[in-house]
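# Structural characterization, general
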Amino acid sequence: MMMMMQTDCKQLQKDLRMGLSEGFWHHEYWLPPGATWEDMKGIQYPQPQDLLLCIPGALLLITVRCIFERTVALPLGRRLGVSDKLRPKVQPNATLEDFYVLLGRTPKEDRPGLMKKFCEASWRFTFYLTSFFSGLALLYDKPWFWDHTVCWLRFPQQPLPPALGWFYLLELSFYCSLVATLPFDVKRKDFKEQIIHHIATITLIFVSYCANLVRFGMIVMLVHDASDYILELAKMLHYMKWKRVCEAVFIVFAVVFIISRLVLFPLITYYYFVTKFQLFLVSCVINAFLMVLQLLHIFWSYLIIQMIFGVILHGAKRKDARSDTEESDRSEAEDLAKNQE
């Protein structure tokens, strides 16, 4: 009797899992009206379980990054003259520490040195540069890359080329690795915005892959990667104290960023996606996260333009609006400025 009850419970649990899985992957949620998963039979289309490889992929990228920073970026930085400022060791002061506690703060840890910033920027520059030109090479000969009407031809019955599947997995692994290392990386003033950006990007990569929106996703990722490596190069030049070259590269970055994120991105989103489908659940989710990214693009564009006019053109004190300064440092500086007025 007990054996029969245990068997029935296991069967019930199995049926429940199958029911939940079938409900989650129902074609009405993931595919446009009129399309079903049966239409996909006979072609090689994205399998959601493939994305589980992003976990070992992220761990592998973190390992490669550590090796790269130690064996490539660190010696390169030293050869190019990047060095940390020698800071005098401050003796513990009980009075000042009590004052910090009274204000509800704790004494901040040592600020990250230039070499650490240079190594992080070098890694991101290397990845973004490789990612952008690899993606460009993959898409250059694809007719749907140049003509948005071809992008959705026979959708969703579009086979997945293995190279595009691996590229998707690489991008997802990279952004997962960025989220995993955020607590250990140099904390930037737009830390919260970066978290939102990474979560939105990971969600879009996952959802678009599962819904076989790989063509559209590849175009969006390529547009995003177009400016990122230029920013990281400008940072490296800044840490090397190559002022004029840094300013020139930053202006190039600003132009590419604004054109790609404020012009091409909304046009591609509208013509390649919004106008092509009737609304269904996944399309609504993708549109919502694309809007989140666009709001971040507007926010960052404002900071970039503010820096160009306030720092480069007007010769104000050099300080990157998207610098690697900690939030606590900024708030304390603002408090000191107010006290001096």
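Cut-offs used in this document
- For every chain, the first residue of the written sequence is number 1, and numbering continues from 1 onward in sequence order.
- Where local features are concerned, this predicted model is filtered to residues with pLDDT of at least 70; where side-chain atom pairs are given and counted, the filter is 80 or more; whole-chain, interface and lining totals use all residues.
- For side-chain calculations, the full set of non-hydrogen atoms in the structure is used, while hydrogens and water are omitted.
- UniProt positions are given in the numbering used here, feature names are shortened, and annotations may be inferred rather than shown by experiment.
- To obtain each axis, a line is fitted to C-alpha atoms, and for helices this fit is confined to the stretch in contact; angles are then taken between N-to-C directions over 0 to 180 degrees.
- For the purposes of this entry, the term helix denotes a DSSP run of H or I that reaches at least four residues, the term strand denotes a run of E that reaches at least two, and both are numbered from the N terminus.
- Here the angle decides the label: under 35 degrees means roughly parallel, over 145 means roughly antiparallel, 65 to 115 means roughly perpendicular, and every other value means oblique.
- By definition, turning the near helix anticlockwise from the far helix through less than a right angle yields a left-handed crossing, and turning it clockwise yields a right-handed one.
- Three residue categories are used. Nonpolar comprises Ala, Val, Leu, Ile, Met, Phe, Trp, Tyr, Cys and Pro, charged comprises Asp, Glu, Lys and Arg, and polar comprises the others, including Gly.
- To qualify as a nonpolar core, a set must consist of buried Ala, Val, Leu, Ile, Met, Phe, Trp, Tyr and Cys residues joined through side-chain atoms within 4.5 Å.
- Here the term buried applies to any residue with accessible area under 20% of the maximum for its type, exposed to any over 50%, and partly exposed to those in between, with areas from a 1.4 Å probe on protein chains only.
- We call two residues in contact whenever any of their non-hydrogen atoms come within 4.5 Å of each other.
- For each structure, a 1 Å grid was placed over the protein atoms alone; sets of points admitting a 1.4 Å probe that cannot get out are labelled cavities, open sets with protein on both sides within 12 Å along at least five of seven lines are labelled pockets, and lining residues have an atom within 4 Å of a point.
- Grid points are joined across faces, edges and corners, and a volume is the space filled by probe spheres set on the points.
- Classification of ring pairs rests on two measures: the distance between centres of Phe, Tyr or Trp rings, Trp counted by its six-membered ring, which must be within 6.5 Å, and the angle between planes, read as stacked under 30 degrees, edge-to-face over 60 and tilted in between.
- Helices are assigned an expected span. That span is 1.5 Å times one less than the residue count.
- Note that the bend at a residue is defined as the angle between axes fitted to the seven residues ending at it and the seven residues starting at it.
- Should a side-chain nitrogen of Lys or Arg be within 4 Å of a carboxyl oxygen of Asp or Glu, the pair is scored as a salt bridge.

An unreviewed UniProt entry lists the protein under the name Ceramide synthase 4-like, with Limosa lapponica baueri given as the organism. Per UniProt, the protein has the following entry under Subcellular location (unreviewed entry): "Membrane". Listed in UniProt under the heading Catalytic activity (unreviewed entry), the comment for the protein reads: "sphinganine + octadecanoyl-CoA = N-(octadecanoyl)-sphinganine + CoA + H(+)".

### Re the packing of helix α5 (residues 114-139) against helix α10 (residues 214-239)
It is the contact of α5 with α10, at a shortest axis distance of 7 Å, that shows an interaxial angle of 150°. Taken together, the axis directions place α5 and α10 in an arrangement best described as roughly antiparallel. Of the two elements, α5 crosses α10, and the hand of that crossing is left-handed. Its residues placed into classes, the contact of α5 with α10 shows 19 nonpolar, 3 polar and 6 charged.

### Let's talk about the UniProt feature "transmembrane region" (unreviewed entry) in the protein
The UniProt record marks residues 121-140, 163-184, 196-222, 242-264 and 271-293 with the feature "transmembrane region" (unreviewed entry), using the residue numbering of this structure. Across residues 163-184, the secondary structure splits into 86% helix and 0% strand, with the terminal C-alpha atoms separated by 32 Å. Each end of residues 196-222 is marked by a C-alpha atom, and these two atoms are 20 Å apart; helix forms 89% of the span and strand 0%.

### Quick word on the nonpolar core
For soluble globular proteins, nonpolar side chains are generally found buried alongside one another. One finds Phe174, Leu213, Phe216, Met218, Phe250, Val282 and Ile286 to be the most contacted residues of the largest nonpolar core, which totals 78 residues. In terms of residue count, the dominant contributor to this core is α10 (16 residues). Every residue in contact with Met218, bar those within four places of it in the chain, is listed here: Leu138, Leu139, Leu164, Phe167 and Tyr168.

### Concerning unusual backbone geometry
Its identity as a non-glycine residue notwithstanding, Asn212 has a phi of 60°, on the positive side. Positionally, Asn212 belongs in the loop between α9 (191-210) and α10. Overall, the relative accessible area of 4% leaves Asn212 in the buried class. In the Ramachandran plot, Lys241 falls in the positive-phi region, its phi being about 65° despite a non-glycine side chain.

### Details of empty space enclosed by the protein
Gaps left between atoms are located by rolling a probe of water-molecule size over the structure's atoms. Going through the model one piece at a time under the given rule, you end up with 3 cavities of 30 Å³ or more. Lining the second largest cavity we find 17 residues, and of these Leu204, Ile205, Gly217, Val220 and Met221 sit closest to its centre. Counting only elements with at least two residues in the lining of the second largest cavity, the list comes to α8 (162-181), α9, α10 and α12 (281-313). The element best represented in the lining of the second largest cavity is α10, accounting for 6 residues.

### Quick word on the packing of aromatic side chains
Tallying each qualifying case throughout the model produces 14 aromatic pairs. Residues Tyr168 and Tyr209 carry aromatic rings whose centres are separated by 5.6 Å and whose planes lie at 40° to one another, so their mutual orientation is tilted. Linking Tyr168 in helix α8 with Tyr209 in helix α9, this pair joins segments that are 41 residues apart in sequence. By the burial criterion, Tyr168 is buried, and Tyr209 matches it. Residues Phe174 and Tyr175 carry aromatic rings whose centres are separated by 5.6 Å and whose planes lie at 75° to one another, so their mutual orientation is edge-to-face.

### Some remarks on helix α3 (residues 54-79)
Its 26 residues place the ends of α3 35 Å apart at the C-alpha level, agreeing with the 38 Å of an ideal helix rising 1.5 Å per residue. Where α3 bends most, the angle comes to about 40°, and this point is Glu69. Cys54, Gly57, Ala58, Leu61, Arg65, Phe68, Glu69, Ala73 and Gly77 are the residues of α3 that are buried. Buried-residue contacts for α3 involve α5 and α8.

### Describing the pattern of salt bridges
Counted according to the given criterion, the structure contains 10 salt bridges. For Arg65, the salt bridge identified is with Glu120, shortest N-O distance 3.8 Å. Linking Arg65 in helix α3 with Glu120 in helix α5, this pair joins segments that are 55 residues apart in sequence. Pair check on accessibility: Arg65 and Glu120 agree, each one buried.

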